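Structural characterization, general
Each chain is listed here by its residues.
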Amino acid sequence: MSCNPNMTQIVSPNTTDVKGFSVSKAVRVTAFGLTGKDIITFKRVDYCSPNPNFKRNGCELFKPTEAQVSSAVDYQIGECAPSLTPNRNTIIIPYAGNYIPMVDGIDTSDLTVEVEPIDGNCFDDKEKGIEPCGFCVDEVWETTGAERCNQHFVEQEEVSNCGNVRWTRTEKRCGYYASVPLPITLDEGDCCGSQFMGYLFHPAETKDPDATVAITDCEGNIVGYAYPQADDGHTLPIQECDGTIVGYAVNNSATAPQQVMGC
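Scoring rules and cut-offs
- Every chain is numbered on its own, with residues counted from 1 as its sequence reads.
- Only residues with pLDDT of at least 70 are given local features in this predicted model, and only at 80 or more are side-chain atom pairs given and counted; all residues enter the totals for whole chains, interfaces and linings.
- Hydrogens and water are ignored here; the side-chain numbers use all heavy atoms of the structure.
- Disulfides are defined as cysteine sulfur pairs within 2.5 Å.
- Secondary structure is summarised from DSSP: a helix means a run of H or I of at least four residues, a strand means a run of E of at least two, and numbering begins at the N terminus for each.
- Residue burial is assigned from relative accessible area. The probe radius is 1.4 Å, only protein chains are included, and a residue is buried under 20% of its type maximum, exposed over 50%, and partly exposed in between.
- Geometry of aromatic contacts follows a simple scheme: Phe, Tyr and Trp rings, the Trp one being its six-membered ring, pair when their centres are within 6.5 Å, and the pair is stacked under 30 degrees between planes, edge-to-face over 60, tilted otherwise.
- Placement of a charge over a ring requires the Lys NZ or Arg CZ to be within 6 Å of the ring centre, with the centre-to-atom vector within 35 degrees of the ring normal.

**Description of the state of the cysteines**
Enumeration over the complete set of coordinates arrives at two disulfides. Disulfide partner of Cys80: Cys133, at an S-S distance of 2.2 Å. One quick way to see it: the torsion about the S-S bond of Cys80 and Cys133 is about 120 degrees, and its sign makes the bridge right-handed. One end of the pair, Cys80, is in the loop between β6 (73–74) and β7 (90–93); the other, Cys133, is in the loop between α3 (125–128) and β10 (141–150), and 53 residues separate them in sequence. We classify Cys80 as buried; its relative accessible area is 6%. With a sulfur-sulfur separation of 1.9 Å, Cys136 is cross-linked through a disulfide to Cys162. Its S-S torsion of approximately -85 degrees makes the covalent link between Cys136 and Cys162 left-handed.

Shown next, in the form of structure tokens:
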């Protein structure tokens with residue numbers, strides 16, 4: 001069976017037998033329907049064409065015998081076997097010879113593989129199907145220890161079993177910014193006392209989960225959230241009228257509005 005000058009199928013849902021193909025010039029091989037871990041490689045077989053004129057047509061199909069399949073050798077370029085995968089559905093075979101596709105373990109009910117003679121004799125490794133070499137599915141990801149900031153979140157670097165790199169968001173946040181100003185008087189022994197500006201987390205902004213003390217106004221509305229204990233960065237005590245400390249405000253803020261303070 002001879003190929004037409006354009007394209008022919010060597011694997012299709014309508015046929016049960018996978019065909020071999022003989023070529024005398026470069027061909028483009030294209031697969032449709034590869035999924036998951038599907039990968040098609042090729043073997044070279046010894047085959048004598050009964051059609052002495054096939055070389056003028058560019059290619060010829062044949063059904064390989066069991067003996068031909070058993071004696072076939074892997075088609076390789078250097079140490080790499082050109083392959084069709086879900087990530088690369090087209091390769092070019094630039095060398096004359098007899099080939100059979102290896103589709104073992106692949107569901108061929110939705111698979112189509114076509115061969116098309118093309119012009120030219122100079123192709124790069126990507127076109128030949130060896131760059132990248134082989135096929136790998138990202139199944140296992142491990143952290144490298146590297147981290148980076150992305151807005152309010154920290155992202156960690158991960159590398160897969162295939163060597164691919166990705167950044168994933170962690171639950172750890174990259175800093176929290178309180179924005180509600182709260183004047184705090186620490187010493188009432190003079191006219192104004194020792195006044196400081198502390199800050200609360202607004203109910204509508206992302207707050208530190210440790211800031212759990214709700215500070216309310218005279219009507220009982222929540223003004224913001226403070227810390228229950230003093231610690232690094234939040235040491236300004238918030239007192240009730242009787243002097244009872246109910247929480248601690250944040251000392252500084254990078255996001256609060258500007259304040260005009262006076263006595």
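From this point, the discussion proceeds with the structure in view.
**Regarding the environment of Thr16**
Positionally, Thr16 belongs in the loop between β1 (8–11) and β2 (20–23). Thr16 sits 93 residues away from Ser109 along the chain, and the two C-alpha atoms are 9.1 Å apart.

**Considering the packing of aromatic side chains**
All chains considered together, the criterion is met by four aromatic pairs. On the basis of an interplanar angle of 25 degrees and a centroid distance of 5.6 Å, the ring pair of Phe21 and Tyr99 is categorised as stacked. In this pair, Phe21 sits in strand β2 while Tyr99 sits in strand β8 (residues 97–102), placing the two residues 78 residues apart along the sequence. Tyr99 gets classed as buried once you look at its relative accessible area, which sits at 0%. A connected cluster of aromatic rings, assembled from ring pairs, spans Phe21, Phe42, Tyr75 and Tyr99. Above the ring of Trp141, the side-chain terminus of Arg166 is found at 4.0 Å from the ring centroid.

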